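Here are the chains, one letter per residue:
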Amino acid sequence: DQQVKQNSPSLSVQEGRISILNCDYTNSMFDYFLWYKKYPAEGPTFLISISSIKDKNEDGRFTVFLNKSAKHLSLHIVPSQPGDSAVYFCAARKTTEKLVFGKGTKLTVNP
Amino acid sequence: NAGVTQTPKFQVLKTGQSMTLQCAQDMNHNSMYWYRQDPGMGLRLIYYSASEGTTDKGEVPNGYNVSRLNKREFSLRLESAAPSQTSVYFCASSEAGVSGANVLTFGAGSRLTVL
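Presented here is an overview of the structure given in this document. (Residues numbered from 1 in each chain as written. Chains lettered and ligands numbered in written order. Predicted model: local features only at pLDDT ≥ 70, side-chain atom pairs only at ≥ 80, totals over all residues. Heavy atoms only, no water.)

## Looking at the overall build of chain A
When helices and strands are tallied, chain A shows 0 helices and 11 strands. Taken from N to C terminus, the helices and strands of chain A fall in the order β-β-β-β-β-β-β-β-β-β-β. Whereas a compact globule of 111 residues would reach a radius of gyration of roughly 13 Å, chain A reaches 13 Å, a difference of no more than 12%. In terms of principal-axis extent, the alpha carbons of chain A reach across some 40 × 25 × 20 Å. Here chain A holds 111 residues, and 44% of them are scored as buried. For chain A, restricting intrachain contacts to residue pairs at least 6 apart in sequence, the fraction spanning at least 24 positions comes to 53%. Within chain A, the 10 negative side-chain charges are centred at a point lying 4 Å from the centre of the 14 positive side-chain charges. (Helix = DSSP H or I, 4+ residues; strand = E, 2+ residues; numbered from the N terminus. Rg over C-alpha atoms; globule rule 2.2 N^0.38 Å. Buried < 20%, exposed > 50% of the residue type's maximum accessible area, 1.4 Å probe, protein only. Contact = heavy atoms within 4.5 Å. Lys, Arg positive; Asp, Glu negative; His and termini not counted. Charge placed at Lys NZ, Arg CZ, Asp CG, Glu CD.)

This is the structure in structure tokens:
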């Protein structure tokens, strides 16, 4: 039973345009959502998070939107840069429990 | 500041051999984790340790054992390696598991191949 789903294995965008990575979840008890970025041959690094009491969180070029009624969150990267090319993992947790990760979306930003 | 350090980075084993992956963190974090990453499968939790002296099974614990040696170190042992354990293994740590976003800091990974 996959609680966190990233249905797009890959995404390709042009440099300067917007990248939108999507994530769906099934457990309405999740209260925190996180995005991690992973470059090849490196460990995942934390990018941005959002609490379930918010619907938007912004950090520079990165914005995460949360739609609780649809059980959906998205990560927007504007403008996209070639250095953003990586695998992005969505993750979620209930308080006191462990993170549950999605399978990841590989983003390629073309110069 | 090293963060989370894993050794070895690469290892090739034969079926049935044993080995231990080492992990150490220098951030004074209470919680430590072992994940495996396989193509198309994302990150799956093998074992975790919420605090020194405690360990618990994650999503895919079969074939593995762990030891929380002290607050800094958390090792993962394969007693009898199988080809299905070919994977990239990540150790991670976090400040606390009780509340908040519980941001994990990951190591660089250990690539294990079992022939």
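Let us keep going from here.
## Looking at the environment of lysine 98 of chain A
Counting through the fold element by element, lysine 98 of chain A comes out in the loop between strand E9 (86–93) and strand E10 (100–101). For lysine 98 of chain A, a relative accessible area of 26% translates into the label partly exposed. Look past the residues within four positions of lysine 98 of chain A in its chain and what remains in contact with it is Ala92 and Arg93 of chain A together with Tyr33, Leu45 and Tyr48 of chain B. A polar atom in the side chain of lysine 98 of chain A sits 2.9 Å from the side chain of tyrosine 48 of chain B. (Polar contact = N/O pair within 3.5 Å; in protein donor to acceptor, adjacent residues only side chain to side chain.)

## Overview of the interface of chain B and chain A
Taken residue by residue, the interface counts 21 residues in chain B and 20 residues in chain A. Between chain B and chain A, roughly 1,600 Å² of surface is buried when both sides are summed, and carbon and sulfur atoms account for 64% of that area. For the interface between chain B and chain A, the tally reads 0 salt bridges. Run the count over chain B and chain A and you get 2 residue pairs in polar contact (both at pLDDT 80 or more). (Buried area = accessible area lost by both parts, 1.4 Å probe. Salt bridge = Lys/Arg side-chain N within 4 Å of Asp/Glu carboxyl O.)

## Points about the state of the cysteines
Here a disulfide denotes a covalent bond joining the sulfur atom of one cysteine to the sulfur atom of another. According to the stated counting rule, one finds 2 disulfides over all chains in the structure shown. Sulfur-sulfur distance for the disulfide between cysteine 23 of chain A and cysteine 90 of chain A comes to 2.1 Å. Residues cysteine 23 of chain A and cysteine 90 of chain A share a disulfide whose torsion about the S-S bond is about -75°; that sign makes it left-handed. Taken together, the residues span a long stretch of sequence, with cysteine 23 of chain A in strand E3 (residues 19–25) and cysteine 90 of chain A in strand E9 at a distance of 67 residues. On the basis of relative accessible area, cysteine 23 of chain A is assigned to the buried category, the value being 0%. The disulfide partner of cysteine 23 of chain B is cysteine 91 of chain B, and the gap between their sulfur atoms is 1.9 Å. As the torsion about the S-S bond is roughly -75°, the cysteine 23 of chain B-cysteine 91 of chain B disulfide counts as left-handed. Remark: cysteine 91 of chain B occurs in strand E9 (residues 87–94) and cysteine 23 of chain B occurs in strand E3 (residues 19–25); sequence separation between them is 68 residues. (Disulfide = S-S within 2.5 Å.)

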